[in-house]
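# Geometric and topological summary
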Amino acid sequence: SGGSGTARIGLITAAGSDPVDDADYYEDMFMSYGAAEAYWIPVHEGNKDANSDPSVVANIQRMTGFFFGGGDQLRIINSFYNNGRDESPALAAIREVYNNGAMAAGSSAGTAVMNSAVMITGGMSWDALRYGAYRIGEEIGLDDLTYEPDGGIGFIDNVIMDTHFSERGREGRLIRLIADTMDGPNGVVRGIGVDEGTSLVVYDVGESNSYGEVIGREGVFFADLSRAAIDTSGQYWAIDTVDTHYLTQDDTINLNTWEVSFASWKSDMKGQEVNDNAATSDKIFNGNRDNPNISPEYTYVATELFDSRLATEAFGRTLETNPRFRVDFVEGQASRGYGGRNPDTSRFDIAYEDLIVDMCASNQWCVSSKER
């Protein structure tokens, strides 16, 4: 956004339950980082008329970057659009400045709202696999997977964005949402899940050479369903051949080809494995809610497969039953795991590309590597 002493950051706190309090917090934070200005854009559900205020638009046009705070992403949509999906003058100004080269970033809801594809709005992974995706307002249970079919604000295309990802075991819900919506309006075949304390920094947005770089303490999950097969013939929904990556500090990915480049301080895990056998989990989508000091369940099982000398497959099951879903992890011919000692944290981090994932009920048959 221009650097210390130059950056002028427009703050959007419309997602928050107390947007004024959130504004004070982010103003203090960005000024402490050295911003020349941190301007609160006073548009929220309780002050929606401000989205057409000429003075607000004029201030937006002076900004060199924008930050969207957390909360509920639907509040951002409700605040910055009029009459359904008519773009307000304030959002039009933000988009214009962004398209002219300003930075845009977000946390939590502020990340989930960035994509043009259908926008995820809630849900848990087991409920997603069991019941599927519901348009917002049509859900039946509190933990149902819900989405906004008209999408987010459209600053990044061709992916669905999700957040608090590994920590809350959201792999199942992201994959199910892609699967249920990819053939409809605003559907896509790819999704990205960003962990807490982590960012995916996207360069050259919308260009053929656009790429993302991972920074932060955890990782970013990528799911591609372009080769996936979905089975609805059994009692429960099932999917196989989901291609996945999990990248950590300093790894990069081309956001068109999804070609991965691992950090220079990482090396191929072949030959440096510590364990003989793969790990398993009986609560694969529980994240690390039971103990935040350990690795999230899904991430642990997937990354530990590349730390195994003998295994080429691993699995985990859901804690929830009726049915109990199973997740199979399979190393294909293109699968690679890279690891190394993180120069910032001194922790040994493992990242991987092209790990094949299947999901089905435990009483059904998930495709095995022998059948591929």
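Structural notes, computed from the coordinates. Predicted, not measured: the structure shown is a model, and the values here were computed from it.

Before going further, it helps to spend a moment on the sheet that holds strand β2 (residues 37-40). Ordered in space as β2-β1-β3-β6, the four strands form an open sheet in which the pairing is parallel. In this open sheet, the two edge strands, each paired with only one partner strand, are β2 and β6 (103-106). Adjacent strand axes in the sheet meet at a mean angle of 20° when their direction is disregarded. Bridge count for strand β1 (residues 8-12) against β2 is four bridges, and the pairing is parallel. Bridge assignment links Arg8 to a residue of β2, and that residue is Glu37. Across the sheet, helix α1 (residues 19-32) touches β1, β2 and β3 (65-68), and the angle it forms with β2 is around 170°.

Grouped together as the largest cluster of nonpolar side chains are 48 residues, with contacts concentrated most on Ile41, Phe66, Phe68, Phe80, Ile94, Ile153 and Ile192. Within the residue set of this core, elements represented by two or more residues are α2 (54-60), β3, α3 (73-80), α4 (89-99), β11 (190-194) and β14 (219-224). Here this core takes six residues from α4, the largest share from any one element. Excluding its chain neighbours within four sequence positions, the residues that come into contact with Ile41 are Gly10, Leu11, Ile12, Val56, Ile60, Phe66, Phe80 and Ile94. Grouped together as the second largest cluster of nonpolar side chains are 45 residues, Val242, Tyr298, Ala302 and Tyr352 included.

On to the side chain of Glu297, then. Topologically, Glu297 is positioned in helix α8 (residues 297-305). Within the buried set, Glu297 has no salt-bridge partner at all; the shortest N-O distance to an opposite charge, 4.4 Å, is to Lys283. Of the polar contacts made by the side chain of Glu297, one reaches the side chain of Ser281; its length is 2.5 Å. Once residues lying within four places of it in the same chain are set aside, the contact partners of Glu297 are Ser281, Lys283, Ile284, Asn286 and Gly287.

The rules we used
Residues numbered from 1 in each chain as written. Predicted model: local features only at pLDDT ≥ 70, side-chain atom pairs only at ≥ 80, totals over all residues. Heavy atoms only, no water. Pairing = 2+ DSSP bridges. Helix = DSSP H or I, 4+ residues; strand = E, 2+ residues; numbered from the N terminus. Axes fitted to C-alpha atoms, helices over the stretch in contact; angles between N-to-C directions. Contact = heavy atoms within 4.5 Å. Core = buried A, V, L, I, M, F, W, Y, C linked by side-chain atoms within 4.5 Å. Buried < 20%, exposed > 50% of the residue type's maximum accessible area, 1.4 Å probe, protein only. Lys, Arg positive; Asp, Glu negative; His and termini not counted. Salt bridge = Lys/Arg side-chain N within 4 Å of Asp/Glu carboxyl O. Polar contact = N/O pair within 3.5 Å; in protein donor to acceptor, adjacent residues only side chain to side chain.

Any functional reading would require information beyond the geometric quantities listed.
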